[in-house]
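The lines below spell out each chain.
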Amino acid sequence: MQLATWNINSLSVRLPHLLDWLAARAVDVVALQELKLTDDKFPVQALERAGYTAAWFGQKTYNGVALLVRVPGALSAVQRNIPGFPDDQARVMAATVQPAPNAAALRVIGAYVPNGQAPGSDKFAYKMRWLEALRGWVAQELARHPRLVLMGDFNITVDDDDVWDPEGLRDTIHCTREERAHLQALKDLGLYDALRLFPQPPKSFTWWDYRQLAFAKNRGMRIDHIFISDELKNRAIACCIDREMRKRTQPSDHAPVVLTLADE
DNA sequence: ATGGCCATCGCGGATGGA
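Quick notes on the rules
- Residues numbered from 1 in each chain as written.
- Chains lettered and ligands numbered in written order.
- Predicted model: local features only at pLDDT ≥ 70, side-chain atom pairs only at ≥ 80, totals over all residues.
- Heavy atoms only, no water.
- Helix = DSSP H or I, 4+ residues; strand = E, 2+ residues; numbered from the N terminus.
- Expected span 1.5 Å × (residues − 1).
- Buried < 20%, exposed > 50% of the residue type's maximum accessible area, 1.4 Å probe, protein only.
- Pairing = 2+ DSSP bridges.
- Axes fitted to C-alpha atoms, helices over the stretch in contact; angles between N-to-C directions.
- Contact = heavy atoms within 4.5 Å.
- Near = heavy atom within 4 Å.
- Polar contact = N/O pair within 3.5 Å; in protein donor to acceptor, adjacent residues only side chain to side chain.
- Nonpolar A, V, L, I, M, F, W, Y, C, P; charged D, E, K, R; others polar.
- Phe/Tyr/Trp six-rings, centres within 6.5 Å; stacked < 30°, edge-to-face > 60°.
- Lys NZ or Arg CZ within 6 Å of the ring centre and 35° of its normal.

K.L.:
Lay out helix α3 (residues 122–144) with the relevant residues and their values.
P.N.:
Since one α-helical turn is 3.6 residues long, residues separated by three or four positions face the same way. Between the first and last C-alpha of α3 there are 33 Å, a value that for 23 residues agrees with the 33 Å anticipated at 1.5 Å per step. Those residues of α3 that sit buried are F124, Y126, K127, M128, W130, L131, A133, L134, W137, V138, E141 and L142.

K.L.:
Which residues make up the sheet that holds strand β1 (residues 2–7), and what values go with them?
P.N.:
Strand order in this open sheet of six strands is β3-β4-β2-β1-β14-β13, and the pairing throughout is mixed. Among the strands making up the open sheet, the edge pair consists of β3 (52–57) and β13 (236–241). Strand-to-strand twist in this sheet, taken as the mean axis angle between neighbours without regard to direction, amounts to 15 degrees. Direction of pairing for strand β2 (residues 29–33) relative to strand β4 (residues 65–70): antiparallel, over a ladder of five bridges. Its bridge partner being in β4, V30 is matched across the sheet by L68. Most of the contacts of helix α1 (residues 11–25) go to β1, to which it runs at about 165 degrees, and overall it touches β1, β2, β3, β4, β13 and β14 (257–261).

K.L.:
Provide a residue-level description of the protein's contact with DNA strand B, including the pertinent values.
P.N.:
As a structural note, the neighbourhood of DNA strand B is formed by 24 residues, with N115, H174, W207, R211 and Q212 the closest of them. In the interface set of DNA strand B, defined as its atoms within 4 Å of the protein, sugar plus phosphate atoms amount to 70%. Residue Q212 places a side-chain N or O atom 2.6 Å away from a base nitrogen belonging to DNA strand B. For the surface near DNA strand B, a count of residues per class yields six nonpolar, 10 polar and eight charged.

K.L.:
I'd love a proper account of the packing of aromatic side chains, names of residues and values included.
P.N.:
This model, assessed by the stated rule, comprises four aromatic pairs. A centroid spacing of 4.3 Å and a plane angle of 5 degrees characterise the contact between F42 and W56, whose relative ring orientation is stacked. Residue F42 is located in the loop between β2 and α2 (44–49), and its partner W56 is located in strand β3; the two are separated by 14 residues in the primary sequence. The class of F42 is buried, set by a relative accessible area of 5%. Taken together, a centroid distance of 4.8 Å and an interplanar angle of 85 degrees make the contact between W208 and F215 edge-to-face. Overall, F215 belongs to the buried group, its relative accessible area being 15%. A cation over a ring is seen here: K233 above Y192, with NZ or CZ 4.4 Å from the ring centre.

Right under this line is the structure:
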């Protein structure tokens with residue numbers, strides 16, 4: 001089975017891309033970020049026709065996340081936002097995913113971590129608080145659910161290998177020690193960076209700026225991640241970045257990351 | 001080079017993204 005995360009930068013604009021991608025890849029579980037629409041605008045019928053059941057958590061203009069599962073799977077125990085962390089932004093949701101009637105259930109958390117704008121800014125402080133709260137919640141979730149996936153747009157590079165110009169971008173947003181320490185702290189809970197479990201081409205990125213032909217020059221960063229618990233690590237057989245959708249006209253600035261798990 | 005692109009809101013140009 002395949003699980004994926006994709007920041008689609010507006011579900012309204014990118015719905016055709018998403019439907020094409022779902023038809024081509026038939027991924028079983030998808031976490032989407034940056035829907036940029038309110039709950040009433042979520043294209044539930046189009047996704048049902050494409051063969052997916054969804055749960056969503058929208059917001060006007062900004063943010064918004066969703067989880068999709070390919071039928072006959074099911075989503076249950078949906079949680080929106082981090083319990084005990086009041087937040088007026090729709091950035092994270094969890095669900096228990098039954099990928100097939102007789103398959104083992106997975107706990108899936110889809111996250112859109114705040115951008116942070118610049119170190120020292122109010123938005124950076126919010127990013128740090130938000131990640132602190134996320135870690136506390138993920139620790140609880142992991143204790144309850146040994147088969148756990150935490151995936152999404154983290155807006156953080158793990159290390160310099162995730163940055164096209166690590167010297168030029170030293171200590172800038174997405175690349176600071178404080179941000180990277182948060183990713184390490186999440187991993188220290190017992191999570192593994194799924195992409196790094198497998199050999200990857202050098203300069204494997206998930207986001208490229210729209211400007212300056214950044215994608216054509218592969219001037220990007222890896223800021224979208226899939227973290228998996230030890231039980232799922234034992235079933236992981238492949239993980240890759242799907243650059244094809246970034247090559248289309250009017251693309252999202254992010255590419256999907258896809259994890260393949262062995263069936264039990 | 002104090003930028004370059006894109007989406008949103010809303011109909012000009014500011015804001016946020018990364």
